[in-house]
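Here is how the chains run, residue by residue.
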Amino acid sequence: MESRRTGWRGVALPYALVLFMGLAWGLGVSLSKIGGETGAHPIGLAQWQVTVAALVTFAVCAITRSLPRPRADLVRFGLVCGAVGIAFPSMALFQSAKHLPAGIVAIAFATLPLFTCLMSFAWGLEAPSWRRFLGVIVGLAAMAMILLPQAALPDPQAWPWVVLALVASVSMSFENFYAGAYRPRGAGSFALSFARQLGAVALLTPLALLTGTLLPLLEPWSAMQWAATGAGLISGIAFSCLLYVIATSGAVFATQSAYVITLAGVGWGMILFAERHSAWVWLALALTLVAVAMVRPEPAAGRKG
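These numbers were taken from a predicted model, which means no experiment stands behind them.

About the cut-offs
Positions within a chain are numbered from 1, following the residues in the order the chain's sequence is written. The predicted nature of this model means local features are confined to residues of pLDDT at least 70 and side-chain atom pairs, given and counted, to a pLDDT of 80 or more, with totals for whole chains, interfaces and linings taken over all residues. Excluded from the side-chain calculation are hydrogens and water; included are all heavy atoms of the structure. Put simply, DSSP marks the helices as runs of H or I at least four residues long and the strands as runs of E at least two long, and each gets a number from the N terminus on. Only the C-alpha atoms count toward the radius of gyration. The rule for a globule is 2.2 Å times the residue count to the power 0.38. The buried label applies to any residue whose accessible area, calculated with a 1.4 Å probe on protein chains only, is under 20% of its type's maximum; exposed applies above 50%, and partly exposed to all values in between. We call two residues in contact when some of their heavy atoms are within 4.5 Å. Points on a 1 Å grid, built from protein atoms alone, make a cavity when a 1.4 Å probe fits but cannot get out and make a pocket when they are open with protein on both sides within 12 Å along at least 5 of 7 lines; residues with an atom within 4 Å of a point are the lining residues. Grid points are joined across faces, edges and corners, and a volume is the space filled by probe spheres set on the points. Under the scheme applied here, ten amino acids are nonpolar (Ala, Val, Leu, Ile, Met, Phe, Trp, Tyr, Cys and Pro), four are charged (Asp, Glu, Lys and Arg), and all others, including Gly, are polar. Aromatic pairs are defined between Phe, Tyr and Trp rings, using the six-membered ring for Trp, whenever the two ring centres lie within 6.5 Å; interplanar angles under 30 degrees are classed as stacked, those over 60 as edge-to-face, and all others as tilted. Only buried residues count toward a nonpolar core. Its members are Ala, Val, Leu, Ile, Met, Phe, Trp, Tyr and Cys residues joined through side-chain atoms within 4.5 Å. Expected helix span is computed as 1.5 Å times (number of residues minus one). Think of a salt bridge as a Lys or Arg side-chain nitrogen and an Asp or Glu carboxyl oxygen that are within 4 Å of each other. Axis lines are fitted to C-alpha atoms, over the contacting stretch for helices. Their N-to-C directions set the angle, which ranges from 0 to 180 degrees. It is the rotation of the near helix from the far one that decides the hand of a crossing: anticlockwise by less than a right angle makes it left-handed, clockwise makes it right-handed.

*Asks:* Mind showing me how you'd approach the overall build of the chain here?
*Replies:* Across its full length, the chain carries 12 helices and 0 strands. In the chain, the succession of α and β elements from N to C terminus is α-α-α-α-α-α-α-α-α-α-α-α. Scaling as 2.2 N^0.38, a compact globule of 305 residues should have a C-alpha radius of gyration of about 19 Å, and the chain matches this with 19 Å. Based on the C-alpha atoms only, the size of the chain along its principal axes is roughly 55 × 50 × 40 Å.

As structure tokens, then:
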């Protein structure tokens, strides 16, 4: 556990990292859109991304001398979290971003805290809270404003891709639940981060080989290689920053990055793709931010167990 810091670094650094994480992960949505639009297969793009992220987290573990030793519970943790938290969501993100504006994908993925909250209530990991439950309802209403009005999507027939992004968010929420309930004892956060990335590599590499969708490494790089590499670097670096902020400033503070991610995802889409959204989407964005504020994690004293 990192020690709590005082002085300007202890005050300014966590805010700077939250801002960085939000901008970086928001940009990651746009990079996924760029990768998807190159025509590369989502499996190949996801495999490349998680390999880069695994190398980043390996470097972090090596620098911090926290490389994990192989253990059955750690391998199981890495495979489960790698599957539901990284491998499937990565493929879904590349596929949905190919068919949707980056801003709408960012809003859909912002429902992660909402589904995590529901699972925490359902499995008794946290005490029920009316404020947080209402936050979930507000967040679902925001998604309805994207899915139901015909004016919300550029192509009304693109609604299945919004649903795919939401399913990916549910999958990542399950990872949050699993990681909280079955975290291997004695393993540090950086070691677990590397384990989950390595688990995703172990799952996606054979799948990419079987389907013949591996991205070519030795030919001159195009937008697909650069986009997948950028997304992988963002994933590895930003997640390491998240672990540092949680350790030094607490999980409640760290979750504030969700606001920045959502806003940045919409902003990057407008900057890079000249996206313009209907009033329904802007209202959904506002409601999503309200919902994330309402379902933010409770202080440790208010949790069950």
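Now, onward.
*Asks:* Hey, could you run me through the environment of glycine 22 in this one?
*Replies:* With respect to the helices and strands, the residue glycine 22 is situated in helix α1 (residues 7-37). Looking at glycine 22, the relative accessible area reads 0%, which means it is buried. Along the backbone, glycine 22 and serine 257 are 235 residues apart, and their C-alpha atoms lie at a distance of 5.3 Å. The residues contacting glycine 22, other than those within four sequence positions of it, are Ser257, Val260, Ile261 and Ala264.

*Asks:* Quick question: what am I supposed to make of the layout of surface pockets here?
*Replies:* Unoccupied space between atoms shows up once a probe the size of one water molecule is rolled over them. Roughly 190 Å³ of internal volume is contained in the second largest pocket. Listing elements by their share of the lining of the second largest pocket, those giving two or more residues are α3 (72-99) and α8 (189-211). When grouped by side-chain class, the residues that make up the lining of the second largest pocket number 8 nonpolar, 2 polar and 1 charged.

*Asks:* Would you mind showing me how to read the packing of aromatic side chains here?
*Replies:* Here the distance between the centres and the angle between the planes together describe a pair of aromatic rings. Considering all chains together, one arrives at 5 aromatic pairs under this definition. Judged by centre distance (5.2 Å) and plane angle (75 degrees), the rings of tryptophan 48 and tryptophan 221 are edge-to-face. Here tryptophan 48, found in helix α2 (residues 42-63), pairs with tryptophan 221, found in the loop between α8 and α9 (223-249); they are 173 residues apart in sequence, far enough to count as distant. Judged by its relative accessible area of 9%, tryptophan 48 is buried. Classification of tryptophan 221 by relative accessible area gives partly exposed; the value is 33%. The interplanar angle of 70 degrees and the centroid separation of 4.7 Å between the aromatic rings of tryptophan 221 and tryptophan 226 together place this pair among those described as edge-to-face.

*Asks:* What am I meant to see in the environment of phenylalanine 177 here?
*Replies:* Tracing the sequence through the fold places phenylalanine 177 in helix α7 (residues 159-181). Judged by relative accessible area, phenylalanine 177 falls into the buried class, the value being 9%. For the pair formed by phenylalanine 177 and serine 120, sequence separation is 57 residues and the distance between their alpha carbons is 6.7 Å.

*Asks:* Looking at this structure, I do not really get the nonpolar core. What am I missing?
*Replies:* Nonpolar side chains tend to gather and get buried jointly when the protein is soluble and globular. Ranked by internal contacts, the top residues of the largest apolar core, which has 31 residues, are Val105, Ile107, Phe109, Met143, Ile146 and Val162. Elements with a minimum of two residues in this core: α3, α4 (102-109), α6 (130-147), α7, α11 (257-273) and α12 (279-294). Once you skip the residues sitting within four places of it in the chain, isoleucine 107 turns out to touch Met143, Ile146, Thr262, Val266, Val281, Leu285 and Thr288. Within the second largest apolar cluster, 19 residues are counted, among which are Ile43, Ala46, Met91 and Phe94.

*Asks:* Teacher, can you tell me more about α8 here?
*Replies:* Two residues of an α-helix separated by three or four positions point the same way, owing to the 3.6 residues in each turn. In this model, α8 (23 residues) spans 33 Å end to end at C-alpha, consistent with the 33 Å of a helix rising 1.5 Å per residue. Remark: glycine 212 follows α8 within two positions and exhibits a positive phi of approximately 65 degrees.

*Asks:* Which parts of the structure should I look at to understand the pattern of salt bridges?
*Replies:* Side-chain pairs of opposite charge can arise where the charged atoms are in close proximity. Counted according to the given criterion, the structure contains 3 salt bridges. The salt bridge involving glutamate 175 is made with arginine 196; its shortest N-O contact spans 2.7 Å. One end of the pair, glutamate 175, is in helix α7; the other, arginine 196, is in helix α8, and 21 residues separate them in sequence. Taking relative accessible area as the criterion, glutamate 175 reaches 8% and is therefore assigned buried. On the basis of relative accessible area, arginine 196 is assigned to the buried category, the value being 9%.

*Asks:* Teacher, can you tell me more about the packing of α3 against α8 here?
*Replies:* Any two packed helices are characterised by how steeply their axes cross, that is the angle between the axes, and by the distance between the axes. Following both chains from N to C, one finds α3 and α8 inclined at 65 degrees, their axes separated by 6 Å at the closest point. Of the two elements, α3 crosses α8, and the hand of that crossing is right-handed. Contact with α3, carried on its side by Leu74, Phe77, Gly78, Leu79, Cys81, Gly82, Ala83, Gly85, Ile86, Ala87 and Met91, involves Leu192, Ala195, Arg196, Gln197, Gly199, Ala200, Ala202, Leu203, Leu204 and Leu207 of α8 and no other residues of that element. Among the residues making up the contact of α3 with α8, the classes are represented as 15 nonpolar, 5 polar and 1 charged.

*Asks:* I tried to follow unusual backbone geometry on my own but got confused; where do I start?
*Replies:* What is expected of a backbone is that most residues other than glycine have negative phi and most peptide bonds are trans. Positive phi outside glycine occurs at arginine 65, with the angle close to 55 degrees. Here arginine 65 shows up in the loop between α2 and α3. A residue is classified by how much of its surface remains accessible, and arginine 65, at 80% relative accessible area, is exposed. In this structure, alanine 274 takes a positive phi of about 55 degrees despite not being glycine. Looking at where alanine 274 falls in the secondary structure, it is placed in the loop between α11 and α12. Judged by its relative accessible area of 52%, alanine 274 falls in the exposed class.

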